[in-house]
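Spelled out, the chains give:
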Amino acid sequence: MTRTIDFVADALGIAAGLVFAALLVVLLVRYFGEALCPAWPGLDFFSLPRRRQARPKFSVGQAILLSGIAFLVSRLFFVALAAVAAWWNGELTAYLCNLPVRWRRWDAYHYVGLMENWYVNEGDPRYHIVFFPLYPVLGRALYLLGIPSLAAAYLVSCGCLIGAGVALYFLLQIDQGHSAAIRAVWLMMLCPVSFFFSAPFTESTFLFTTLMAVLLARKKRFFWAVVFGALSANCRSLGMATAIPIFWEMLRDMRQRHSSRREIALGTVLCVAKVLPVSLGLAAYLALNQQITGSAWTFLTYQSQHWGQEFGSAMNTISYTLKNAVSYADVHYRMGVWTPQIVSIALVMALLVATWRRLHPGDAAYALVYFYCAIAPTWLLSGARYLGAMYALYPMLTLITRKKWQFTLVLTIEIILGAYMSILYVITGAVM
């Protein structure tokens, strides 16, 4: 039986690698074709025309109201479900009396500690240098103003989540129209792992900075797009991928203004130079490593030695995740870590295959790179959470929910899975 599981897991990993390679080829053609050669007839195979609809638009205030309502409804949903589970276990009073603490698990302790004490180079907290600094910086600023560290962490996470909802609305309003933008906000807020977005984790800050970068690039405000891209790269290493949609918008804008080959070649080089400052966010993090530990690469050493993670391959991750989902010794971790991880990987791959011709070229290329890099590390335990923070997931979901019954079905599935994940997280802690 074990050999059969190993064979199936390895075969699926190889199959996923082949699908990824095929997607890489066709999306590269789309990415550069639509940006630089929009009149090329061959693009008809690689790209379906995106729908142009009448586009009523919310004001900023209305978008904030929409995001705020979706935020409140979704947070009450997660908190209430966990309360029911706590009541079932006879722990309702303890749950209600320690509500903020019950939602602070795993890395949340480290982030709150960084807000209180910053980075150090001694004792167990020295390993926390692996956490990128933007989220702790924002929380520490509030902490130094006199706000308790845990409250500061929640304020930053919740504020950034509402801001991410507003940015997502305006981004989708440009690409797919008003109704799709509203759907996207609800789909993000009720994502099965979105309870992480309002807890003391970095995901909502990452989502907000990334969405702002992409939105500003769509509006051709490239300076500020690069600034927010650098902030995203200072929030998580995957923020470097934000350069992909920004660069596409720069290329398209340049191509619309130039026609000769020489101008296009020179303009492409200039676009590369303009998008490079996105890397300053990562450079600032490396400088922090150098200042605190004496080496810019200490975080890689700690990530490998303390957390058992190195950059591997998506195919290997799919293989070992499936094996552990079937046979891992601790049933809670099978239910809360390995099964959700393999399901989320499979669903995102299916969405990529289903939407690659319709999704905005910058979003599609970003999604492919982000997806691979997010699930490639060895001994990945938080794959579902990482994929939930991929902004391109929500444009993909809106593309498959254009009909009311489709949206209702997907939202219902999200609610069921969200109930499953949030209850496991609060009651057992076996969700990362």
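The rules we used
- Residues numbered from 1 in each chain as written.
- Predicted model: local features only at pLDDT ≥ 70, side-chain atom pairs only at ≥ 80, totals over all residues.
- Heavy atoms only, no water.
- Helix = DSSP H or I, 4+ residues; strand = E, 2+ residues; numbered from the N terminus.
- Rg over C-alpha atoms; globule rule 2.2 N^0.38 Å.
- Buried < 20%, exposed > 50% of the residue type's maximum accessible area, 1.4 Å probe, protein only.
- Contact = heavy atoms within 4.5 Å.
- Areas by Shrake-Rupley, 256 points an atom, 1.4 Å probe, with all protein chains shown as cover.
- Lys, Arg positive; Asp, Glu negative; His and termini not counted.
- Charge placed at Lys NZ, Arg CZ, Asp CG, Glu CD.
- Expected span 1.5 Å × (residues − 1).
- Bend = angle between axes of the 7 residues up to and from the residue.
- Polar contact = N/O pair within 3.5 Å; in protein donor to acceptor, adjacent residues only side chain to side chain.
- Core = buried A, V, L, I, M, F, W, Y, C linked by side-chain atoms within 4.5 Å.
- Axes fitted to C-alpha atoms, helices over the stretch in contact; angles between N-to-C directions.
- Parallel < 35°, antiparallel > 145°, perpendicular 65-115°, else oblique.
- Left-handed = near helix turned anticlockwise from the far one by under 90°.
- Nonpolar A, V, L, I, M, F, W, Y, C, P; charged D, E, K, R; others polar.
- Phe/Tyr/Trp six-rings, centres within 6.5 Å; stacked < 30°, edge-to-face > 60°.
- Lys NZ or Arg CZ within 6 Å of the ring centre and 35° of its normal.
- Patch = residues over 30% accessible without salt bridge, like charges linked within 9 Å, V, L, I, M, F, W, Y side chains within 5 Å.
- Salt bridge = Lys/Arg side-chain N within 4 Å of Asp/Glu carboxyl O.

Chemist: What exactly am I supposed to notice about the overall build of the chain here?
Modeler: Helix and strand content of the chain: 22 helices and zero strands. Its C-alpha atoms give the chain a radius of gyration of 22 Å, near enough to 22 Å, the size a compact globule of 432 residues would have. Its C-alpha atoms put the chain at 70 × 50 × 50 Å along the principal axes. Looking at the chain residue by residue over its 432 residues, the buried ones come to 54%. Taking contacts inside the chain between residues at least 6 apart in sequence as the whole, the part at least 24 apart equals 76%. For the chain, the accessible area works out to roughly 18900 Å², and carbon and sulfur atoms hold 69% of it. For the chain, the centre of its 33 positive side-chain charges and the centre of its 18 negative side-chain charges are spaced 11 Å apart.

Chemist: Can you help me understand helix H18 (residues 331-355) in this one?
Modeler: An α-helical segment advances 3.6 residues per turn. Residues three or four places apart therefore align on the same side. With 25 residues, H18 ought to run about 36 Å at 1.5 Å a step, and its terminal C-alpha atoms sit 35 Å apart, in line with that. Taken as a whole, H18 carries its principal kink of about 30° at threonine 339; the proline proline 340 stands between one and four residues after it. By the N-cap criterion, in which a side-chain oxygen at the helix start approaches the backbone nitrogen of a residue two or three places on, H18 is capped by aspartate 330, the distance to histidine 332 being 2.9 Å.

Chemist: Could you clarify how one ought to interpret the nonpolar core in this entry?
Modeler: Side chains that are nonpolar tend, in soluble globular proteins, to be buried together. Core analysis: the biggest nonpolar cluster contains 144 residues, and Trp103, Ile246, Tyr370, Met390 and Tyr394 have the highest contact counts within it. The greatest single-element share of this core, amounting to 15 residues, is contributed by helix H8 (residues 149-175). Setting aside chain neighbours within four positions, we find tryptophan 103 in contact with Phe78, Val79, Ala82, Tyr95, Tyr154, Phe195, Ala199, Pro200, Ser422, Tyr425 and Val426.

Chemist: Please explain unusual backbone geometry as it appears in this structure.
Modeler: If a residue is not glycine, its phi is most likely negative; likewise, a peptide bond is most likely trans. Phi angles above zero are rare outside glycine, and tryptophan 106 is one such case at about 55°. The class of tryptophan 106 is partly exposed, set by a relative accessible area of 33%. Not every positive phi belongs to a glycine, and tryptophan 118 is a case in point at roughly 65°. Relative to the helices and strands, tryptophan 118 is located in the loop between helix H6 (107-117) and helix H7 (134-144). Tryptophan 118 gets classed as partly exposed once you look at its relative accessible area, which sits at 26%.

Chemist: For this particular structure, what's the right way to read the packing of H18 against helix H19 (residues 361-375)?
Modeler: The contact between H18 and H19 brings their axes to 11 Å, and the two run at 160°. Here H18 is positioned roughly antiparallel relative to H19, judged by the angle of their axes. In terms of crossing hand, the pair formed by H18 and H19 is left-handed. Facing Ile345, Val348, Met349 and Leu352 of H18, the residues of H19 in contact are Ala367, Leu368, Phe371 and Ile375. Grouping the constituent residues of the contact of H18 with H19 by class yields eight nonpolar, no polar and no charged.

Chemist: Any chance you could explain the packing of aromatic side chains here in plain terms?
Modeler: Note on aromatic pairs: each is described by the distance of the centres and the angle between the planes. Applying the stated criterion across every chain, the model contains 29 aromatic pairs. Here a set of aromatic residues connected by ring pairs shows up, and it is made of Phe77, Phe78, Trp103, Phe195, Phe196, Phe201 and Tyr425. The side chain of arginine 236 reaches across the aromatic face of phenylalanine 206, ending 4.8 Å from its centre.

Chemist: Would you mind showing me how to read a nonpolar patch on the surface here?
Modeler: Among the surface-exposed residues, Trp405, Leu409, Ile413 and Leu417 lie close enough to one another that they form a single nonpolar patch of about 400 Å² accessible area. Residue position: tryptophan 405 is located in helix H22 (residues 404-427). The class of tryptophan 405 is exposed, set by a relative accessible area of 56%.

Chemist: It is not clear to me how the environment of alanine 283 should be interpreted in this structure. Could you clarify?
Modeler: Structurally, alanine 283 is set in helix H15 (residues 280-293). Considered as a pair, alanine 283 and valine 84 are 199 residues apart in the sequence and their alpha carbons are 46 Å apart.

Chemist: Would you explain the side chain of glutamine 176 in this entry?
Modeler: Mapping glutamine 176 onto the fold places it in the loop between H8 and helix H9 (178-189). Take glutamine 176: its relative accessible area is 12%, and that puts it in the buried class. At 2.8 Å, the side chain of glutamine 176 and the side chain of threonine 398 are in polar contact.

Chemist: Would you mind showing me how to read the side chain of histidine 128 here?
Modeler: Turning to its location among the elements, histidine 128 is positioned in the loop between H6 and H7. Polar side-chain contacts of histidine 128 include one of 3.1 Å to the side chain of histidine 110. Excluding its chain neighbours within four sequence positions, the residues that come into contact with histidine 128 are His110, Leu114 and Tyr119.

Chemist: Explain the environment of glycine 61 to me, please; I cannot follow it from the model alone.
Modeler: Considering the arrangement of structural elements, one finds glycine 61 in helix H3 (residues 60-88). Classification of glycine 61 by relative accessible area gives partly exposed; the value is 45%.

Chemist: I keep staring at the packing of H3 against H8 and nothing clicks. Help me out?
Modeler: Between H3 and H8, whose axes approach to 9 Å, the crossing angle comes to 125°. The angle between H3 and H8 places the two elements in the oblique class. Of the two possible hands of crossing, H3 and H8 adopt the one that is right-handed. Residues Val60, Ala63, Ile64, Leu66, Ser67, Gly68, Phe71 and Arg75 of H3 form the contact with H8, whose own contacting residues are Cys158, Leu161, Ile162, Gly165, Val166, Tyr169 and Phe170. Each residue belonging to the contact of H3 with H8 can be placed in one class, and the counts come to 11 nonpolar, three polar and one charged.

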